[in-house]
Amino acid sequence: MRLDQALQQLLPDYSRSRLQTWIKDRRVTLDGHHVAPKQAVWGGEKVLVEPELHPSETPYAAEDIALDVVYEDAALLVVNKPAGLVVHPGSGNWQGTMLNALLHHAPQLAAIPRAGIVHRLDKDTSGLLVVAKTLTSQTDLVRQLQARSVKRDYLAVVQGIVAQDGTVEAPLGRHPSQRVKMAIVYNGKPAVTHYAVLEHFQYHTLIRCSLETGRTHQIRVHMLSIGHALAGDPVYGGRPINLPPPLRAAVKALARQALHAERLGLIHPVSGEAMEWRVELPADMAALLQALRDE
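A few points about the overall build of the chain
Now for step 1: Regarding its fold elements, the chain presents seven helices and 13 strands.
Now for step 2: The C-alpha radius of gyration computed for the chain amounts to 24 Å, which surpasses the reference 19 Å derived for 295 residues by more than 25%, pointing to a less compact arrangement than a globule.
Now for step 3: Viewed in the frame of its principal axes, the chain has a C-alpha envelope of about 80 × 50 × 40 Å.
Now for step 4: Here the chain holds 295 residues, and the buried ones make up 44% of them.
Now for step 5: In the chain, of all internal contacts separated by at least 6 residues, the share reaching a separation of at least 24 is 62%.
Now for step 6: Put simply, the chain shows about 15100 Å² of open surface, and 51% of that area lies on carbon and sulfur atoms.
Now for step 7: Here the chain contributes 31 positive and 29 negative side-chain charges, whose respective centroids are spaced 7 Å apart.

Concerning the pairing of strand β12 (residues 259-267)
Now for step 1: Judged by how many residues are buried, β12 sits mostly within the fold: eight of nine residues are covered.
Now for step 2: Pairing geometry for strand β6 (residues 151-159) and β12, over six bridges, is antiparallel. Looking across to β12, one finds that Tyr154 is bridged to Ala261.
Now for step 3: Across five bridges, β12 lies against strand β13 (residues 274-278) in antiparallel orientation. Its bridge partner lying in β13, Leu266 is registered against Met275.

Things to note about the nonpolar core
Now for step 1: Core analysis: the biggest nonpolar cluster contains 33 residues, and Met98, Leu102, Leu109, Tyr154, Ile207, Ile219 and Met223 have the highest contact counts within it.
Now for step 2: When residues of this core are traced back to their parent elements, those giving at least two are β4 (76-81), α3 (98-105), β5 (126-132), β6, β11 (204-211), α5 (218-225) and β12.
Now for step 3: If one sorts the elements of this core by residue count, α3 sits on top with five residues.
Now for step 4: Those residues within four positions of Leu102 in sequence are excluded, and the remaining contacts are Leu67, Leu77, Leu109, Ala115, Ile117 and Val131.

Observations regarding the pairing of β4
Now for step 1: Of all six residues that make up β4, six are buried, and the element is covered over most of its length.
Now for step 2: On β4, burial covers both faces: Leu76, Val78 and Asn80 on one face and Leu77, Val79 and Lys81 on the other are all buried.
Now for step 3: With three bridges joining them, strand β3 (residues 69-72) and β4 adopt antiparallel strand pairing. Counterpart to Val69 in the pairing with β4 is Val79.
Now for step 4: Direction of pairing for β4 relative to β5: antiparallel, over a ladder of six bridges.

Details of the pattern of salt bridges
Now for step 1: Enumeration over the complete set of coordinates arrives at 13 salt bridges.
Now for step 2: Here Arg263 ties to Asp153 by a salt bridge, and the two come within 2.8 Å at their closest N and O atoms. With Arg263 in strand β12 and Asp153 in strand β6, the pair connects residues that are 110 residues apart, well separated along the chain.
Now for step 3: On the basis of relative accessible area, Asp153 is assigned to the buried category, the value being 6%.
Now for step 4: Linking Glu262 and Arg208 is a salt bridge whose minimum nitrogen-to-oxygen distance equals 3.3 Å. Of this pair, Glu262 sits in strand β12 while Arg208 is found in strand β11, placing the two residues 54 residues apart along the sequence.
Now for step 5: Residue Glu262 is classed as buried on the basis of its relative accessible area, which comes to 11%.
Now for step 6: Taken together, the salt bridges that share partners define one network made up of Asp153, Arg208, Glu262, Arg263, Glu276 and Arg278.

Things to note about the environment of Asn187
Now for step 1: Positionally, Asn187 belongs in the loop between β9 (182-184) and β10 (192-200).
Now for step 2: The class for Asn187 is exposed, based on a relative accessible area of 57%.
Now for step 3: Each C-alpha atom of the pair Asn187 and Gly173 lies 7.5 Å from the other, and the pair is 14 residues apart in sequence.

Brief notes about the environment of Lys46
Now for step 1: Along the chain, Lys46 turns up in the loop between β1 (28-30) and β2 (47-49).
Now for step 2: For Lys46, a relative accessible area of 65% puts it in the exposed group.
Now for step 3: For the pair Lys46 and Leu30, spaced 16 residues apart in sequence, the C-alpha to C-alpha distance is 5.9 Å.

Some remarks on the packing of aromatic side chains
A ring pair, where both rings are aromatic, is described by two values, the distance of the centres and the angle of the planes.
Now for step 1: Tallied over the entire structure, the rule returns one aromatic pair.
Now for step 2: Taken together, a centroid distance of 5.5 Å and an interplanar angle of 45° make the contact between Tyr71 and Trp277 tilted. Placement of the pair is Tyr71 in strand β3 and Trp277 in strand β13, with a sequence separation of 206 residues.
Now for step 3: On the accessibility criterion, Tyr71 (24% relative accessible area) is partly exposed.
Now for step 4: Taking relative accessible area as the criterion, Trp277 reaches 9% and is therefore assigned buried.

About the criteria used
Residues numbered from 1 in each chain as written. Predicted model: local features only at pLDDT ≥ 70, side-chain atom pairs only at ≥ 80, totals over all residues. Heavy atoms only, no water. Helix = DSSP H or I, 4+ residues; strand = E, 2+ residues; numbered from the N terminus. Rg over C-alpha atoms; globule rule 2.2 N^0.38 Å. Buried < 20%, exposed > 50% of the residue type's maximum accessible area, 1.4 Å probe, protein only. Contact = heavy atoms within 4.5 Å. Areas by Shrake-Rupley, 256 points an atom, 1.4 Å probe, with all protein chains shown as cover. Lys, Arg positive; Asp, Glu negative; His and termini not counted. Charge placed at Lys NZ, Arg CZ, Asp CG, Glu CD. Pairing = 2+ DSSP bridges. Core = buried A, V, L, I, M, F, W, Y, C linked by side-chain atoms within 4.5 Å. Salt bridge = Lys/Arg side-chain N within 4 Å of Asp/Glu carboxyl O. Phe/Tyr/Trp six-rings, centres within 6.5 Å; stacked < 30°, edge-to-face > 60°.

Laid out in structure tokens, this is it:
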């Protein structure tokens, strides 16, 4: 019998692929030697296995990752997230996330579900995110989000000329055939996006989007649905085609969707005070806007 098949019988709690990985990672010896998964065994050999949990099965680890803290007190933390930083560990991103950074910044967050994270931003969306530092604050912030009383405004550069302000109200769910994407589906979760025109360019429009709901990829899908995909969005049709070379280069240089969470407003979970924060556009989006104005 192959070694990996024998181990699967001896250690039924682990999948064969997991056991094969341990063998390839030299965490298994057969009579004191490292061998291949297909090595034949006959019975009577001595096998030593040193298990290693998958990162998804281990407690979240604190990592020394810099955070741009906009506001902090005993109840909450407001962070200006850079583009490229994943908020929560998941498939393909088990380390190096904002959650890992939060646990280093405030170790007490290890006692709070999801380290106090109550809403997320896409990996390549920049801007403001609030984190609860206590269980009671987390409960209060979640209730505010459910009541749609948290104010979240985003700046976005979209393709084409948006004629006037408007609202998209369309339910969102997982795309029926492309599982990494979201789509407007009849049985999806309710989603509402208000948008306002701020500035017109030759081929693009700068808009402000205000969310009533915070569904995954909400702005990206809603704007695509009215024919105005976000500039630079590689998933939802924002590739820089049919543009003059300077603009095409500017959009490609952004290397992400042109979306920034500019404003966040909420009621402080302890004091009851209405609070609001704003952050400037990051350098990459500011550069894109300058290129659009110069065209």
